[in-house]
Amino acid sequence: MDEIICYTPYLPEGEERDISFLELLLDENWAEGTIKCQEKVYSDVGDINRKLQAKQNYEFLLRAVQRYPLKAIGIGTESSASDCVDESWNGYRADCYIAGKYQKELAESGYYPIVMKDLMEKALKFADSGEAVGWLNEMISHGSEYDKIDDDTSPILIYQHNDFCRHVPASFAEGLAEALRLCRQRVILCDVVENEAALAQFAGLRFKAVVGIQTRMFLSAALEGYFHDLLGGPKYNMILDHPIGLRKLFENHPDNYYVMVHDRNYQRFIKSYWPGVKDCFCFPPGGIQPSIPLLKWGTSGNCTNWYEIKKYDVIFIGSYPNYRDFLELLYSLHGSYRIFAARFLDVMRRNPNEPAEKALEKALGYYDISLKEDDFLNLLEMFKHVVDCISSYYREKIIRMFLDAGIEIHVYGDSWNRAPFAEHKCLVRHQGMNVEESLNIMEQAKISLNIMSWHKDGFTERVLNSMLSGAVALSDRSTHLEEKFIDGEDIILFDLERIETLPGRVRELLSDEEKLRAIAEKGRKKVMEEHLWIHRAKEFLKIISEDN
């Protein structure tokens, strides 16, 4: 059985005693000393409460002993445990919070009047006794200040969806959940469908945070308001695509609503157009390692069997969207809108490093047109298929360039059967795969190609997963990537304005496997040090702490 041990000066050396919850609640001296327990205890009951400025171990043990047995073992020091009791202002505040949290248990045991009398007597000893009494009332009545403290050890609720984008959002939810547990956080990972009924079990509860991965769950309404206004705590939606395609998520949302994006252009865009969102943070995904690795990595970070495993020269883990389908949608627009869309498309084609919103501004400037904010958003939303079109156009162009240069490239999923070059001798088509399967494919590849979906100041999980799987990540440039990695050292970057140089550069890399291996090893080391989900979990906890 899991057990918590407290080595305490409150008992003679070597003496052992089982401590009940009520004994601990009535005598904080049992919490003095060194606490030993398994890490799972923290992820089950929550870490120490950092909103308290005193008695953190005591408050933690009170939560823990309700689920795990507590044994006190004497260490036989000469100091008196009662000398350690904190009678300061911060100690008093902590006592009031604890009395408020466990007032039901105190009442049932008959000790509530005694504890309240003691706290009132302590309050009257402070210079500002009115403030002390007010704090006690705030804690007993579970006011807003009580919630701020209590939320620090409340669970984090994460929504998981398994029904779109090859389960990538689900892998994000799982990665963040597991990393938060390693950070001693309580996590509830809820596999939900897009309906309000799945959330009913959480109505009226408080959470340290509620997190969704590009979820529409935050749109769920309850009567005249939003269902999520019935859930205490901040709400965070992690957005993966350009915000214009998800406009409702920024215009119709619950209170205390935040957004996290991986592209700083998206961050600026959301802050500029949707001030109702409480804040927007740059929060890229974390990388995922294969659960059953094929490659063997030494303690120095070098791979001992790189050459044995690498059987694919170049892979691309991505679908084939035909840009011609999007062109048909644009052709269906009427009158001047079709003309503007064509100009927008041309500007993006000629300026492939421009964010979509900047390209639209240039297209409108060509006609000397200036729009109000709402009109600009409406037009960009109408033209969102232009962004899909140009992104698909460059994806096809790059893949064709590889094939025409005689470079074999492996692709995955049925969508490639519809490509006009599906029968090309250098295109090797495979069946589709989930996230975990793709990691093992990356392990067997020398180069893993990434083509951004027009993210000009961000980066995606495919880059990180490629590196963690021991492949060289080859990606179009973004400002964020260039800041985090070094071209030619731990990643290979190319410019969409000069993709004609790409086949030659790839041929050169494939001819020098020692260089490829060195880049792969440095890339993996960089991600291991800075871009795992554990790093993102720590960033997220910092965001929660600073903004709430």
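Here the structure is shown first, and the text comes after it.
Residues numbered from 1 in each chain as written. Predicted model: local features only at pLDDT ≥ 70, side-chain atom pairs only at ≥ 80, totals over all residues. Heavy atoms only, no water.

A. Broad picture of the overall build of the protein chain. Helix and strand counts for the protein chain stand at 23 helices and 18 strands. Among the 548 residues that make up the protein chain, the fraction classed as buried is 54%. Long-range contacts, defined as pairs at least 24 residues apart, comprise 70% of the intrachain contacts of the protein chain with a sequence gap of at least 6. Accessible surface, the protein chain as shown: approximately 24,400 Å² in total, 48% of it carbon and sulfur. Here the protein chain holds 65 positive side-chain charges and 87 negative ones, and the gap between their average locations is 6 Å. (Helix = DSSP H or I, 4+ residues; strand = E, 2+ residues; numbered from the N terminus. Buried < 20%, exposed > 50% of the residue type's maximum accessible area, 1.4 Å probe, protein only. Contact = heavy atoms within 4.5 Å. Areas by Shrake-Rupley, 256 points an atom, 1.4 Å probe, with all protein chains shown as cover. Lys, Arg positive; Asp, Glu negative; His and termini not counted. Charge placed at Lys NZ, Arg CZ, Asp CG, Glu CD.)

B. Focus on the pattern of salt bridges. One pass over the structure, following the stated rule, counts 39 salt bridges. As a salt-bridge pair, glutamate 28 and lysine 55 come within 3.0 Å of each other at their nearest N and O atoms. Placement of the pair is glutamate 28 in the loop between α1 (21–26) and β3 (34–36) and lysine 55 in the loop between α2 (39–45) and α3 (56–64), with a sequence separation of 27 residues. Comparing glutamate 28 with lysine 55, the two get one shared label, buried. Across the pair aspartate 95 and lysine 122 runs a salt bridge whose closest N-O atoms are separated by 3.4 Å. (Salt bridge = Lys/Arg side-chain N within 4 Å of Asp/Glu carboxyl O.)

C. Structural detail: unusual backbone geometry. A positive phi angle, close to 60 degrees, is found at asparagine 256, a residue other than glycine. Despite not being glycine, aspartate 368 shows a phi value in the positive range, around 55 degrees. As for its placement among the helices and strands, aspartate 368 is situated in the loop between α15 (356–366) and α16 (373–382). Overall, aspartate 368 belongs to the exposed group, its relative accessible area being 72%.

D. Fine view of the packing of α3 against helix α4 (residues 89–101). For the pair α3 and α4, the least separation of the axes is 11 Å and the interaxial angle reads 15 degrees. If you check the angle between α3 and α4, you find them roughly parallel. Crossing angle aside, the handedness with which α3 passes α4 is right-handed. Contacts between α3 and α4 involve Tyr58, Glu59, Leu62 and Arg63 from the first element and Tyr97, Ile98 and Lys101 from the second. Residues of the contact of α3 with α4, tallied by class, amount to four nonpolar, no polar and three charged. (Axes fitted to C-alpha atoms, helices over the stretch in contact; angles between N-to-C directions. Parallel < 35°, antiparallel > 145°, perpendicular 65-115°, else oblique. Left-handed = near helix turned anticlockwise from the far one by under 90°. Nonpolar A, V, L, I, M, F, W, Y, C, P; charged D, E, K, R; others polar.)

E. The arrangement of the packing of aromatic side chains in detail. For the coordinates displayed, the defined rule picks out 32 aromatic pairs. An angle of 85 degrees between the planes, with centres 5.3 Å apart, marks the rings of tyrosine 393 and tyrosine 394 as edge-to-face. The exposure class of tyrosine 394 is buried, given its relative accessible area of 5%. Ring centres 6.4 Å apart and planes at 50 degrees place the aromatic pair tryptophan 416 and phenylalanine 421 in the tilted group. You can call phenylalanine 421 buried: its relative accessible area is 5%. Joined through ring pairs, the aromatic side chains of Tyr236, Tyr258, Phe281, Phe283 and Phe540 make up one cluster. (Phe/Tyr/Trp six-rings, centres within 6.5 Å; stacked < 30°, edge-to-face > 60°.)

F. Expanded view of the nonpolar core. Counting residues in hydrophobic clusters, the biggest one holds 89 residues, and the most contacted among them are Tyr159, Phe344 and Leu449. It is helix α17 (residues 384–404) that provides the largest number of residues to this core, a total of nine residues. By size, the runner-up hydrophobic cluster in this structure holds 42 residues, among which are Leu11, Leu24, Ala31 and Tyr97. (Core = buried A, V, L, I, M, F, W, Y, C linked by side-chain atoms within 4.5 Å.)

G. Quick peek at the sheet that holds strand β4 (residues 70–74). The strand order across the open sheet built from four strands is β2-β4-β1-β3, with neighbouring strands paired in mixed fashion. Unpaired on one side and paired on the other, β2 (16–19) and β3 mark the two borders of the sheet. Along the sheet, successive strands turn relative to each other by an average axial angle of 25 degrees, direction set aside. Sheet topology note: the strand β1 (residues 4–8)/β4 ladder contains five bridges and is parallel. Counterpart to tyrosine 7 in the pairing with β4 is isoleucine 73. Sheet strands touched by α3: β1, β3 and β4. Its angle to β3, the strand with the most contacts, is close to 30 degrees. (Pairing = 2+ DSSP bridges.)

H. Just a nonpolar patch on the surface, in detail. A contiguous nonpolar patch, built from Leu22, Leu26, Tyr111 and Ile114 and spanning about 330 Å² of accessible area, is present on the exposed surface. Structurally, tyrosine 111 is set in the loop between α5 (103–109) and α6 (112–125). (Patch = residues over 30% accessible without salt bridge, like charges linked within 9 Å, V, L, I, M, F, W, Y side chains within 5 Å.)

I. Up close: the sheet that holds strand β5 (residues 156–160). Read across the sheet, six strands follow the order β6-β5-β7-β10-β11-β12 without closing on themselves; strand pairing throughout is parallel. The two strands at the open ends of the sheet, each matched to only one other strand, are β6 (187–191) and β12 (279–282). On average, each strand axis in the sheet is tilted by 20 degrees relative to the strand beside it, whichever way the strands run. Along the sheet face, helix α11 (residues 264–273) touches β11 (257–261) and β12 and points at about 175 degrees away from the line of β12.

J. Molecular detail of the side chain of glutamate 59. With respect to the secondary-structure elements, glutamate 59 resides in helix α3. The contacts of glutamate 59, once residues within four sequence positions are left out, are Asn49, Leu52, Tyr97, Ile98 and Lys101.

K. Seen up close, the pairing of β12. In this sheet, β12 lies alongside β11 in parallel orientation, the contact comprising four bridges. From the neighbouring strand, tyrosine 258 faces β12, where its bridge partner is aspartate 279. Handedness of the crossover is the feature at issue here: the chain leaves β11, passes through α11, returns alongside β12, and the resulting connection is right-handed. (Right-handed = clockwise from strand over helix to strand, strands pointing away.)

L. Structural view of the packing of α11 against α16. At a closest axis distance of 11 Å, the pairing of α11 and α16 adopts a crossing angle of 135 degrees. As far as their axial angle goes, α16 and α11 are oblique. From α11, Phe269, Ser272 and Tyr273 reach across to α16, where they touch Glu373, Phe376, Leu377 and Leu380. For the contact of α11 with α16, the residue count by class is five nonpolar, one polar and one charged.

M. Region of the structure containing the pairing of β5. Within β5, five of the five residues are buried, which leaves it mostly tucked inside the rest of the structure. With burial as the criterion, each face of β5 is covered, one bearing Ile156, Ile158 and Gln160 and the other bearing Leu157 and Tyr159. Alignment of β5 against β6, held across five bridges, turns out to be parallel. Bridge pairing in β6 places leucine 157 opposite isoleucine 188.

N. Local environment of α4. Over its 13 residues, α4 extends 18 Å from the first C-alpha to the last, a length consistent with the 18 Å expected when each residue adds 1.5 Å. Those residues of α4 not exposed but buried are Gly91, Tyr92, Ala94, Asp95, Cys96, Tyr97, Ile98, Ala99 and Gly100. Buried residues along α4 sit in contact with α1, α3, α5, α6, α7 (129–140) and α8 (144–150). (Expected span 1.5 Å × (residues − 1).)

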